[in-house]
Amino acid sequence: MIAELIIIYIFIFIFGAVFGSFFNVCISRIPLKESLLTESHCPNCGKAIKYHNNIPIFSWLFLKGKCSDCGQPISITYFLVELITPLLFMFIFYVNGSRFSITFFSQIIFASFAIIIAFIDLKNQIIPDVLSIPLLFIGLIFGFLQNNINGLFESFIGGATGFLLFLIVSEFYSKVRKKEALGGGDIKIMAAIGAFSGWMGVLAITFLASVFALIILVMIKHDPEKHFPFGPFLVSASLFYLIGGRFLENLYMKFFDFIMTI
Ligand SMILES: [Zn+2]
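Residues numbered from 1 in each chain as written. Predicted model: local features only at pLDDT ≥ 70, side-chain atom pairs only at ≥ 80, totals over all residues.

Asker: How should I be thinking about the overall build of the protein chain in this particular structure?
Answerer: Along the protein chain, the regular secondary structure elements total seven helices and zero strands. Going from the N terminus to the C terminus, the protein chain shows its helices and strands as α-α-α-α-α-α-α. Radius of gyration (C-alpha) of the protein chain: 20 Å, near the 18 Å computed for a compact globule of 262 residues. Along the first, second and third principal axes, the C-alpha atoms of the protein chain reach 60 × 55 × 35 Å. Taking all 262 residues of the protein chain together, 34% fall into the buried category. At a minimum sequence separation of 6, the contacts of the protein chain that also span at least 24 residues come to 68%. (Helix = DSSP H or I, 4+ residues; strand = E, 2+ residues; numbered from the N terminus. Rg over C-alpha atoms; globule rule 2.2 N^0.38 Å. Buried ≥ 20, exposed ≤ 12 C-beta atoms within 10 Å, placed from the backbone. Contact = placed C-beta atoms within 7 Å.)

In structure tokens:
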């Protein structure tokens, strides 16, 4: 039983690393509207990357973060995405009781979009509609799969809350401060997040994301008048709420079980 579980975790890690490698392709190509299906090439010299130099995680380490052809450095974000993705996938499997439940699949898909969106927003200061709009519909579908019409309704209310809350804040801010605080991308991604988290989640995630942003901006001494991408904070707060929430719930249940035994 334990041996089987270890094999499943190793499988999820490999699966996650391969997906992470594909997410890197999405992160660099979606903002440029390039095809996702053509061969991988060096962002610098454009030479095709040989298959033995395209092994997730290891190739970047083996090549010491440089292209094997031109020797130009390859961003560490490639390595980070290939590492974060499998670790997050394994953690999601763990918090869902090491079972392939509907919630597991819903969180895997959400986390995948979250990783791609966070890195695109960091690099390009945009959240493409081709990511946020499908994610909204996926959230509604999972709402239905989890709890039929009631679940769909909850997802819809969550999405609407996210959309309206950010629309109002954005309108208010641009009227009062005469500049844009939240972009259209932030409003759409918050609607998608709401479809997964429900309306209470929207409030908690908005609060968490603001706290995260405040801490980071103070730490890096960012000029508060200058623009910064809010997307990475929103998606990390969502992951924290959705997946971390489940983790705390499990911990609480285990603690409760423990209390009952003594
Ligand atoms: Zn190169």
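Asker: Looking at this model, I keep getting lost on unusual backbone geometry. Mind explaining?
Answerer: Comment: phi is negative for the bulk of residues other than glycine, and the bulk of peptide bonds are trans. Of note, the phi angle at lysine 33 is positive, near 60 degrees, even though the residue is not glycine. Inspection of the secondary structure assignment puts lysine 33 in the loop between helix H1 (2-29) and helix H2 (58-62). Overall, the presence of 8 C-beta atoms within 10 Å leaves lysine 33 in the exposed class. Of note in this structure, lysine 64 is not a glycine but carries a positive phi near 50 degrees. Along the polypeptide, lysine 64 turns up in the loop between H2 and helix H3 (76-95).

Asker: Just to check I follow, could you spell out the domain arrangement of the protein chain for this structure?
Answerer: Interface size is commonly expressed as the accessible surface area that is lost when the partners come together. When cut into domains, the protein chain gives domain 1 (1-95) and domain 2 (99-262). In this complex, domain 1 contributes 16 residues to the contact, which on the side of domain 2 involves 17 residues. Sorting the residues of the side of domain 1 that touches domain 2 by element identifies H1 and H3 as the ones contributing at least two each. A per-class count over the side of domain 1 that touches domain 2 returns 14 nonpolar, two polar and no charged. (Domains from an automatic or database assignment. Nonpolar A, V, L, I, M, F, W, Y, C, P; charged D, E, K, R; others polar.)

Asker: Help me understand the nonpolar core in this model?
Answerer: Here is a general trend for soluble globular proteins: nonpolar side chains tend to be buried in one another's company. Ranked by internal contacts, the top residues of the largest apolar core, which has 51 residues, are Ala114, Ile116, Ile117 and Leu234. For this core, the elements supplying multiple residues, two or more each, are H1, H3, helix H4 (102-124), helix H5 (129-176), helix H6 (184-219) and helix H7 (231-261). No fewer than three residues from each of domain 1 (1-95) and domain 2 (99-262) sit in this core. With near-sequence residues (within four places) excluded, isoleucine 117 lies in contact with Ile127, Leu131, Ile189, Gly231 and Val235. (Core = buried A, V, L, I, M, F, W, Y, C linked by C-beta atoms within 7 Å.)

Asker: Would you take a moment to explain the packing of H1 against H4 for this structure?
Answerer: When two helices pack together, their arrangement is given by the angle between the helix axes and by the axis-to-axis distance. The geometry of H1 relative to H4 is characterised by a closest axis approach of 9 Å and an angle of 40 degrees between their N-to-C directions. Classified by the angle their axes make, H1 and H4 are oblique. Here H1 runs over H4; the crossing is right-handed. For the pair H1 and H4, contact is made by Phe19, Phe23, Cys26 and Ile27 and by Ser112, Ile115, Ile116, Phe119 and Ile120, respectively. Residues that form the contact of H1 with H4 fall into these classes: eight nonpolar, one polar and no charged. (Axes fitted to C-alpha atoms, helices over the stretch in contact; angles between N-to-C directions. Parallel < 35°, antiparallel > 145°, perpendicular 65-115°, else oblique. Left-handed = near helix turned anticlockwise from the far one by under 90°.)

Asker: Would you explain H6 in this entry?
Answerer: Its 36 residues give H6 an end-to-end C-alpha distance of only 27 Å, which falls more than 12% under 52 Å, the value for a rise of 1.5 Å per residue. Considering bend angle alone, the principal kink of H6 is centred on glycine 198 and spans about 120 degrees. Backbone geometry just downstream of H6 places lysine 221 in the positive-phi region, at approximately 55 degrees. (Expected span 1.5 Å × (residues − 1). Bend = angle between axes of the 7 residues up to and from the residue.)

Asker: Would you take a moment to explain the confidence of the model for the protein chain for this structure?
Answerer: Detail in the predicted coordinates should be disregarded across regions flagged by low pLDDT. Predicted confidence across the protein chain gives a mean pLDDT of 91, with 99% of residues reaching 70 or more. Element-level pLDDT for the protein chain is lowest in H2, with a mean of 88, against a maximum mean of 96 in H4. (pLDDT = per-residue confidence, 0-100.)

Asker: What is the right way to read the environment of leucine 152 from this model?
Answerer: For leucine 152, the location among the structural elements is in helix H5. Note on leucine 152: 18 C-beta atoms within 10 Å, which makes it partly exposed. Remark: the alpha-carbon pair of leucine 152 and alanine 195, spanning 43 residues in sequence, is separated by 8.7 Å. With near-sequence residues (within four places) excluded, leucine 152 lies in contact with Leu140, Gly143 and Phe144.

Asker: What's the story with the environment of serine 106 in this structure? I'm lost.
Answerer: Within the secondary structure layout, serine 106 lies in helix H4. C-alpha of serine 106 to C-alpha of glycine 143: the two residues are 37 residues apart in sequence and 9.2 Å apart in space. Discounting chain neighbours no more than four positions away, the residues touching serine 106 are Phe142 and Phe196.

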